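Spelled out from the first residue to the last, the chains are:
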Amino acid sequence: MLRLDQVVKEYKTGDRALNGIDLQVPQGQVLALIGPSGAGKSTLIRCVNRLVEPTSGAVYLGDQEITSLGSSGLRRARRRMGMIFQEYALVERLTVMENVLSGRLGYVGFWRSYFRRFPREDVAEAFRLLSRVGLDNMVDKRADELSGGQRQRVGIARALIQNPELLLVDEPTASLDPKTSRQIMRLICELCRERTLAAVVNIHDVPLARMFAERIVGLRQGVIVYDGTPEGLSNQVLTEIYGVEDWDASDTGETAPSKPDPTRPKSKPDVEHLVGM
Amino acid sequence: MPVRHDKDIPIWRRRTTARKWGVWGLWLLGTAIFVYCWQLISDKTIWMFVWDAPTQAADLASRMSPPKWGYMSELWRPLWDTLNIATLGTLLAILLAVPVAFCAARNTTPSALLVRPLALFIIVGSRSINSLIWALMLVTIIGPGVFAGVIAIGLRSVGFVAKLLYEAIEEIDPDQVEAITATGANGPQRVAYGIVPQILPAFAGISVFRWDINIRESTVLGLVGAGGIGLQLDASISTLAWTQVSLILLVILATVVVSEWVSATIRHAMI
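Residues numbered from 1 in each chain as written. Chains lettered and ligands numbered in written order. Predicted model: local features only at pLDDT ≥ 70, side-chain atom pairs only at ≥ 80, totals over all residues. Heavy atoms only, no water.

Undergrad: What should I look at first to understand a nonpolar patch on the surface in this one?
TA: All names here are of chain B. On the surface, Ile46, Trp47, Met48, Phe49, Val50 and Trp51 cluster together to form a nonpolar patch covering roughly 720 Å² of accessible area. If you trace the backbone, phenylalanine 49 turns up in helix H2 (residues 47–64). Phenylalanine 49 sits in the exposed class, given a relative accessible area of 54%. (Patch = residues over 30% accessible without salt bridge, like charges linked within 9 Å, V, L, I, M, F, W, Y side chains within 5 Å. Areas by Shrake-Rupley, 256 points an atom, 1.4 Å probe, with all protein chains shown as cover. Salt bridge = Lys/Arg side-chain N within 4 Å of Asp/Glu carboxyl O. Helix = DSSP H or I, 4+ residues; strand = E, 2+ residues; numbered from the N terminus. Buried < 20%, exposed > 50% of the residue type's maximum accessible area, 1.4 Å probe, protein only.)

See the structure below:
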């Protein structure tokens, strides 16, 4: 489904963010990409839809090589990949409906999109998706009126209305509270299962990754150092991914995100009132 | 080092001794220059006229009052011209400024090496020339009248609007544009969905603010023959018709107050 072949990204500053990444993601698989900050997680998923241009190597989506496409071919390929962002990246001053429909921009011409004359099927699909993610009565709200969890649901709907084959998810829960984080991750995984979508999910919250992903890939300094099941993610492996020093710090009671502690106290009662968000 | 040791007790001062003397010396120099300039101005002033000023002011005030209300009937037309100069000039400026702003903003310019410096040059060029001087030149080029005024206001405002707009474009949140790009949107769609909604409030605010400034500027354009109420002002001053002058000044004051109120209301509504 998605195949990365020796992908290298070197920034102009000389930093090598990715150092020869080989990765294959079959259809319908939810893959969590973990690793410390600066390991290249964001760069990796942005190399797939070429928001970041890889320096060398090839990316294939199905049979198509993404890396060799011209600009109009790239736009067409991007329609097949939905992306979900850490800070939601909704267009704040547009309504929920406009944000969801912006997922169809790759299919609709400029003037139609400018005058918001989207095809009727698209609008119907937007209503369906908004109701699927639990935002039926929010259609006409402006994006900046929503809470974090609600915004991320709009982000998910925007990605899904593209009718993608692959979801690229960049730290979907980093700006959310623990309870909402779980709800959002659960929603993303359910939707992937419903539509047999493949997903690459960047996530720095290891317990969350273990809970929801079928497969975990650990990235460290632009190199894949672990690729396996959540069960195989031992302390030793975590040390290899996050480094000894970080790991020791979290062992002495610091709340580093890498500590696998399923009874995270933050998700206990004090956030119960946020359930609806 | 501002820290000095006195029997092992560190003593901290804001400045070292040398810097303290330096600061004192600069103050001394500044005072000396001020006193010297005062002396120079005083020597070249004819003090007799200055002592006379209150009498003169009172005299002018008496000649200006009461305003000649009957003259109002001749002012409606030039007032209407003034408003038109300001409004059409602002529209012209907006029309020209939007593409210039997109060319000048670092994140949207087609070429940072070629197009951006050109756009910045247009902005600086337009801003560096006062609208009165634009009008003076345009009156000699295209003749006196309202049209010269409109163009003068337009050319002066291009730089202002483009500068503030391109700063707003540079400050947008790039994530929103990235998200729109990721959907497979093309260039114009990225602008329409990713950028325009983000700069719309700034755009409205800038335009209305400039319109408000232009109302004030267009009241004096007539002094150089570019139409509007300034023509009447010029004529009245030349003929020493001070009661007409006071009426014109009152009319200008009222217009500016109203335009400020309108612009504040619109800006408030747009946020």
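Undergrad: Can you walk me through the packing of helix H8 (residues 187–218) of chain B against helix H10 (residues 242–270) of chain B in this structure?
TA: Describing two packed helices takes the angle between their axes plus the distance from one axis to the other. Residues and elements named next belong to chain B. The N-to-C vectors of H8 and H10 enclose an angle of 180 degrees; their axes lie 9 Å apart at closest approach. If you check the angle between H8 and H10, you find them roughly antiparallel. Between H8 and H10, the contacting residues are Pro201, Ala204, Gly205, Val208, Phe209, Trp211, Asp212, Ile215 and Arg216 on the first element and Thr255, Val256, Ser259, Glu260, Val262, Ser263, Ile266, Arg267 and Met270 on the second. By residue class, the composition of the contact of H8 with H10 is 10 nonpolar, 4 polar and 4 charged. (Axes fitted to C-alpha atoms, helices over the stretch in contact; angles between N-to-C directions. Parallel < 35°, antiparallel > 145°, perpendicular 65-115°, else oblique. Contact = heavy atoms within 4.5 Å. Nonpolar A, V, L, I, M, F, W, Y, C, P; charged D, E, K, R; others polar.)

Undergrad: Can you help me understand the interface of chain B and chain A in this one?
TA: Size of an interface, as often reported, equals the accessible area lost when the parts are brought together. Listed by partner, the interface residues are 19 residues for chain B and 30 residues for chain A. Together, the buried faces of chain B and chain A total about 2100 Å²; carbon and sulfur atoms form 62% of this surface. Across the chain B-chain A interface, the total number found is 1 salt bridge. When the shortest N-O distance is used, the salt bridge between A:Arg46 and B:Glu178 registers 2.8 Å. For the pair chain B and chain A, the interface holds 8 residue pairs in polar contact (both at pLDDT 80 or more). Residue assignment for the side of chain B that touches chain A shows that the elements contributing at least two residues are helix H7 (174–182) and H8 of chain B. For the side of chain B that touches chain A, the element with the highest residue contribution is H7(B), accounting for 7 residues. Class assignment for the residues of the side of chain B that touches chain A results in 11 nonpolar, 6 polar and 2 charged. (Buried area = accessible area lost by both parts, 1.4 Å probe. Polar contact = N/O pair within 3.5 Å; in protein donor to acceptor, adjacent residues only side chain to side chain.)

Undergrad: Looking at this model, I keep getting lost on H10(B). Mind explaining?
TA: The first and last C-alpha atoms of H10(B) sit 42 Å apart over 29 residues, in line with the 42 Å expected at 1.5 Å per residue. Those residues of H10(B) hidden inside the fold are in contact with H2, helix H3 (76–104), H8 and helix H9 (229–238) of chain B. (Expected span 1.5 Å × (residues − 1).)

Undergrad: Whenever I open this one, the nonpolar core confuses me. Can you help?
TA: Among soluble globular proteins, nonpolar side chains are generally buried collectively. All names here are of chain A. Ile34, Ile156, Leu167 and Leu233 are the most contacted members of the largest nonpolar core, which has 60 residues in total. Ranked by residues supplied to this core, first place goes to helix H7 (residues 178–194) with 7 residues. Every residue in contact with isoleucine 34, bar those within four places of it in the chain, is listed here: Lys41, Ile203, Val206, Ala209, Ile216, Val217, Gly218, Leu219, Leu233, Leu238, Ile241 and Tyr242. Counting 33 residues, the second-largest nonpolar core is a separate cluster that includes Leu2, Cys47, Leu166 and Ala198. (Core = buried A, V, L, I, M, F, W, Y, C linked by side-chain atoms within 4.5 Å.)

Undergrad: It is not clear to me how the sheet that holds strand S6 (residues 81–84) of chain A should be interpreted in this structure. Could you clarify?
TA: Sheet strands pair by backbone hydrogen bonding; their relative direction is either parallel or antiparallel. Residue and element names in this part refer to chain A. The sheet built from 6 strands is open, its strands ordered S6-S7-S8-S3-S9-S10 with mixed pairing. Strands at the two margins of the open sheet, each flanked by one partner only, are S6 and strand S10 (223–228). Taken pair by pair, the neighbouring strands of this sheet meet at an average axis angle of 20 degrees, ignoring direction. Relative to strand S8 (residues 198–202), strand S3 (residues 30–34) runs parallel, the two being bridged by 4 bridges. Looking at S8, one finds that leucine 31 is bridged to valine 200. Most of the contacts of helix H6 (residues 148–160) go to S6, to which it runs at about 170 degrees, and overall it touches S6 and strand S7 (166–170). (Pairing = 2+ DSSP bridges.)

Undergrad: Can you walk me through the side chain of A:Lys41 in this structure?
TA: Examined against the element boundaries, A:Lys41 turns out to sit in helix H1 (residues 41–48). Leaving out residues up to four positions away in the same chain, A:Lys41 has contacts with A:Leu33, A:Ile34, A:Gly35, A:Pro36, A:Glu171, A:Asn202, A:Ile203 and A:Leu219.

Undergrad: Even after reading the chapter, I still don't get the pairing of strand S4 (residues 56–61) of chain A, so can you show me in this structure?
TA: Consecutive residues of a regular strand have side chains that alternate between opposite faces of the sheet. All names here are of chain A. Bridge analysis of strand S1 (residues 2–10) against S4 gives 5 bridges, and the strand direction is antiparallel. Its bridge partner lying in S4, leucine 4 is registered against valine 59. The pairing of S4 with strand S5 (residues 64–65) spans 2 bridges and is antiparallel. In the sheet register, leucine 61 faces S5, and the bridge partner there is glutamine 64. A loop of 2 residues connects S4 with S5, the two strands running antiparallel in sequence, and glycine 62 in this loop sits at a positive phi of about 65 degrees.

Undergrad: Please clarify how the pattern of salt bridges should be interpreted in this entry.
TA: Pairs may arise between side chains of opposite charge once their charged atoms sit close together. Residues and elements named next belong to chain A. Scanning the entire structure with this criterion turns up 22 salt bridges over all chains. For glutamate 53, the salt bridge identified is with arginine 50, shortest N-O distance 2.5 Å. On the basis of relative accessible area, arginine 50 is assigned to the buried category, the value being 11%. One salt bridge in this structure joins glutamate 165 and arginine 80, with 2.7 Å as the shortest N-O distance. One end of the pair, glutamate 165, is in the loop between H6 and S7; the other, arginine 80, is in the loop between helix H2 (71–78) and S6, with 85 residues separating them in the sequence.

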